[in-house]
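Here are the chains, one letter per residue:
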Amino acid sequence: MGSQRSVLVRGGMVVPMAARGEWLQADVHVKDGRVAAVAPGLDPEPGCEVLDAGDALVLPGFVQAHVHVVQSLARHRAEGLPLLRWLKERIWPYEAALRPSEVAAAARLGIAELLTGGTTSALDMGTTHDQDAVFSAAAELGIRLTSGKCHMDTGNGVPTGLIEDREESLAQAEALGSRWHGAASGRLRYAVAPRFVLSCSPELLAGAVALARSRGYLLHTHASENAQETRAVRELTGRGNVEFLADVGIAGPDTVLAHCVHLDEGEVRLLAERQTGVAHCPGANLKLGSGIADVPRLLRHGVRIGLGADGPPCNNRLSIFHEMALAGTLHNLAHGPGAVDAWTVLEMATWRGAQVLGLGDEVGRLLPGWKGDLVVLSCDGLAMEPAADPAAMGVFGGGVESVRHGVVDGSVVVRDGELATADVGMIRREARGAAEGLTRRLGWS
Ligand SMILES: [Zn+2]
């Protein structure tokens, strides 16, 4: 990688996210994958690449706690539906139809969008098959990705192409974890990902828990996203969704539940007591009309929360800026202005998100010794003027167009607004071609 192993980010307004309201004019030196120094007036060592951060904010790279890059080719093709119909009529048939080359094209598009939008780490859920293609794309493009194949062995409306044999499904996850957990110098990690209660038998959930705990992998699933889904889980199990999951072992600091919109008081307490991670996905929750997770209440109880864009067909973008702006405004409806202030939003997009992913001691802050993951946000945009509090600027004035540079694990992944690790024109052409083929096969055109 040559010069990419030593990078000097020069002349920026650095927001280390070590303490709220703290920032400094400084340079950041990243060497051998880690932050070596944050200080003014650093000199580049020989062979070091210098990235200009003049008139820019330098932040820890953004973290998303719930995405599905494999769904990228269904973007703009699953409009106007509530969750269960969106899954049954569009997303499940799409996932069942995906061929290996299409999984690769979808993953490359989604990961390229994440990186050029300033997201350097993500927790991702794949589909039931061809998960190697997702990890290969992540290895190539340079993102820090925790991902896993999804598990489904039952459920109303699930196409036969996605219904798996339980033992075979778990054996595949075990083999995938052996191949990819810790790969790319630790950038890639495995997560065991049963889709949701309605598509998993209790035996499959128990097997998923046993596998994750025996290997030290994260557990990642969806819970209490939509009222109809939450009701169906109660009819099936006699318990609240989060309560049922905790009873089968899907709870704790190694567990991430996407959504958590429809919770009773006991479930909020349970999330806090068990230190279970929650991925707040306001963009997807609004698009599918699912509801609004009560984030101020969860924060008050001490629940660990990150942000996620969820799938491209339910958002329709993978922009952390869209999720941050929503998280910083949406909760004002129920709780009044400032319900979740800009610093708290920025924390959810950085170290709080990293904590949810189990990376909280080395990702999500810009401090010496921490992972060399950062983003440089240009203040050229007129919505950034006039400069003031950097959290307000980044959360409400920034957008994916603000991303000037991105560094992951000490390597430059975005340089001057362009993906540095692959040809975006090629990614775009592959995605278009694959989406056309899929649309034709699915009879969607
Ligand atoms: Zn999801």
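If you're wondering where the values come from, they're calculated on a predicted model, not measured in any experiment. What you see as residue numbers is a count from 1 along each chain, following the sequence as written. Two thresholds apply to this predicted model, a pLDDT of at least 70 for residue-level local features and 80 or more for giving and counting side-chain atom pairs, whereas whole-chain, interface and lining totals are computed over all residues.

Undergrad: What should I look at first to understand the environment of Leu367 in this one?
TA: Within the secondary structure, Leu367 is located in the loop between α14 (351–356) and β15 (374–378). With 40 residues separating them in the primary sequence, Leu367 and Val407 have C-alpha atoms 14 Å apart. With near-sequence residues (within four places) excluded, Leu367 lies in contact with Pro16, Ala18, Val35 and Val38. We count a stretch as a helix when DSSP gives it H or I for four or more residues in a row; a strand needs E for two or more, and each element gets its number in order from the N terminus. Residues are scored as being in contact if the C-beta atoms we place from backbone atoms lie within 7 Å.

Undergrad: Please clarify how the nonpolar core should be interpreted in this entry.
TA: One recurring pattern in soluble globular proteins is that nonpolar side chains are buried together. To count as a nonpolar core, a set of buried Ala, Val, Leu, Ile, Met, Phe, Trp, Tyr and Cys residues must be joined through C-beta atoms within 7 Å. Any residue with 12 or fewer other C-beta atoms within 10 Å of its own C-beta is exposed, any with 20 or more is buried, and the rest are partly exposed; the C-beta atoms used are placed from the backbone. Val28, Val58, Ala107 and Ile111 are the most contacted members of the largest nonpolar core, which has 153 residues in total. For this core, the leading source of residues is helix α2 (residues 100–116), giving 10 residues. Note that the domain bounds reflect an automated or database-derived domain assignment. Two domains each put at least three residues into this core: domain 1 (2–61 + 365–419) and domain 2 (62–356). Discounting residues that sit within four places of it in the chain, Val58 has contacts with Val9, Gly12, Met13, Val14, Val15, Val28, Ala53, Leu366, Leu374 and Val376.

Undergrad: It is not clear to me how unusual backbone geometry should be interpreted in this structure. Could you clarify?
TA: Glycine aside, a negative phi is what most residues show, and trans is what most peptide bonds show. The omega torsion across Asn315 and Asn316 is 5°, close enough to zero to call that bond cis. As for its position among the elements, Asn316 is in the loop between β14 (304–307) and α11 (320–327). Look at the link from Glu385 to Pro386: it is a cis peptide, with omega at -15°. You will see that Ser224, though not glycine, has its phi angle at about 50°, which is positive. In this structure, Ser224 sits in the loop between β11 (218–223) and α6 (227–237). Accessibility expressed as a C-beta count within 10 Å gives 28 for Ser224, which makes it buried.

Undergrad: For this particular structure, what's the right way to read the environment of Val70?
TA: On the secondary structure map, Val70 appears in the loop between β6 (62–67) and α1 (83–97). Sequence-wise, Val70 and Thr127 are 57 residues apart; in three dimensions their C-alpha atoms are separated by 6.9 Å. Dropping the residues within four chain positions of it, Val70 is found in contact with Val103, Ala106, Ala107, Gly126, Thr127 and Val134.

Undergrad: Mind showing me how you'd approach helix α16 (residues 424–442) here?
TA: In an α-helix, one full turn covers 3.6 residues, which means residues spaced three or four apart are oriented alike. Between the first and last residue of a helix there are one fewer steps than residues, each counted as 1.5 Å, and that sum is the expected span. Here α16 spans 26 Å end to end across 19 residues, near enough to the 27 Å set by a 1.5 Å rise per residue. Those residues of α16 that fall on the buried side of the exposure criterion are Ile427, Ala431, Ala434, Ala435 and Leu438. The buried residues of α16 occupy an angular sector of 105° when projected down its axis, which confines them to one face. Among the exposed residues of α16, those pointing more than 90 degrees away from its buried face are Gly425, Met426, Arg429, Glu436 and Arg440. Buried residues along α16 sit in contact with α1 and α2. Taken from the residues just after α16, Gly443 is the one with a positive phi, measuring 70°. It is the directions from the helix axis to the C-beta atoms whose arc is reported.

Undergrad: Whenever I open this one, the pairing of strand β13 (residues 277–280) confuses me. Can you help?
TA: For a regular strand, the rule is simple: side chains alternate between the two faces of the sheet. The alternating pattern of β13 places Gly277 and Ala279 and Val278 and His280 on opposite faces, both of which are buried. The criterion for strand pairing is that DSSP finds at least two bridges linking the strands in question. Bridge analysis of strand β12 (residues 255–259) against β13 gives 3 bridges, and the strand direction is parallel. Across the sheet, residue Ala258 finds its bridge partner in β13, namely Ala279. What joins β12 to β13 is helix α8 (residues 265–274), and the crossover it makes is right-handed. Here the term right-handed applies to a crossover when the path leading from its first strand over the helix to its second strand runs clockwise, the strands being oriented away from the viewer.

Undergrad: Teacher, can you tell me more about the packing of helix α4 (residues 166–180) against helix α5 (residues 202–215) here?
TA: For any two helices packed against each other, the geometry comes down to the angle between their axes and how far apart the axes lie. Contact geometry of α4 with α5 gives a least axis separation of 10 Å together with a crossing angle of 20°. The pairing of α4 with α5 is recorded here as roughly parallel in orientation. In the packing of α4 onto α5, the handedness of the crossing is right-handed. Two secondary-structure elements touch here, α4 through Arg166, Ser169, Leu170, Ala173, Glu174 and Gly177 and α5 through Glu203, Leu204, Gly207, Ala208, Leu211 and Arg215. Its residues assigned to classes, the contact of α4 with α5 comprises 5 nonpolar, 3 polar and 4 charged. Only C-alpha atoms enter the line fits that serve as axes; for helices the fit covers just the stretch in contact. Angles between N-to-C directions range over 0 to 180 degrees. An angle below 35 degrees is treated as roughly parallel, one above 145 as roughly antiparallel, one from 65 to 115 as roughly perpendicular, and anything else as oblique. When the near helix sits turned anticlockwise from the far one by under a right angle, the crossing is termed left-handed; a clockwise turn instead gives a right-handed crossing. In the scheme used here, Gly and all other residues not listed as nonpolar or charged are polar, with Ala, Val, Leu, Ile, Met, Phe, Trp, Tyr, Cys and Pro taken as nonpolar and Asp, Glu, Lys and Arg as charged.

Undergrad: Explain the domain arrangement of the protein here, please?
TA: Note on interface size: it is often stated as the accessible area lost on association of the parts. Partitioning the protein into domains gives domain 1 (2–61 + 365–419) and domain 2 (62–356). The straight-line distance from the C-alpha centre of domain 1 to that of domain 2 is 28 Å. The partner domain 2 presents 25 residues to the 27 residues of domain 1 that form the contact. Of all elements in the fold, only β5 (56–60), α15 (390–397), β16 (403–408) and β17 (411–415) reach the threshold of two or more residues within the side of domain 1 that touches domain 2. With 5 residues, α15 is the largest single contributor of residues to the side of domain 1 that touches domain 2. Partitioning the side of domain 1 that touches domain 2 into residue classes produces 14 nonpolar, 8 polar and 5 charged.

Undergrad: How do you make sense of α6 when you look at a structure like this?
TA: When α6 is considered as a whole, its buried residues turn out to be Glu229, Thr230 and Val233. Buried residues along α6 cover an arc of 100° about the axis, so they all sit on one side. Along α6, the residues that are exposed and aim more than 90 degrees away from the buried face are Arg231 and Glu235.

Undergrad: Explain the packing of α2 against helix α3 (residues 132–141) here, please?
TA: One way to put it is that α2 packs onto α3 with a least axis distance of 8 Å and a crossing angle of 40°. The orientation of α2 relative to α3 falls into the category oblique. As for the relative orientation of α2 and α3, their crossing is right-handed in sense. Contacts from Pro100, Val103, Ala104, Ala107, Arg108, Ile111, Ala112 and Leu115 of α2 reach α3 at Ala133, Val134, Ser136, Ala137, Ala138 and Leu141. The residue makeup of the contact of α2 with α3, split by class, is 12 nonpolar, 1 polar and 1 charged.

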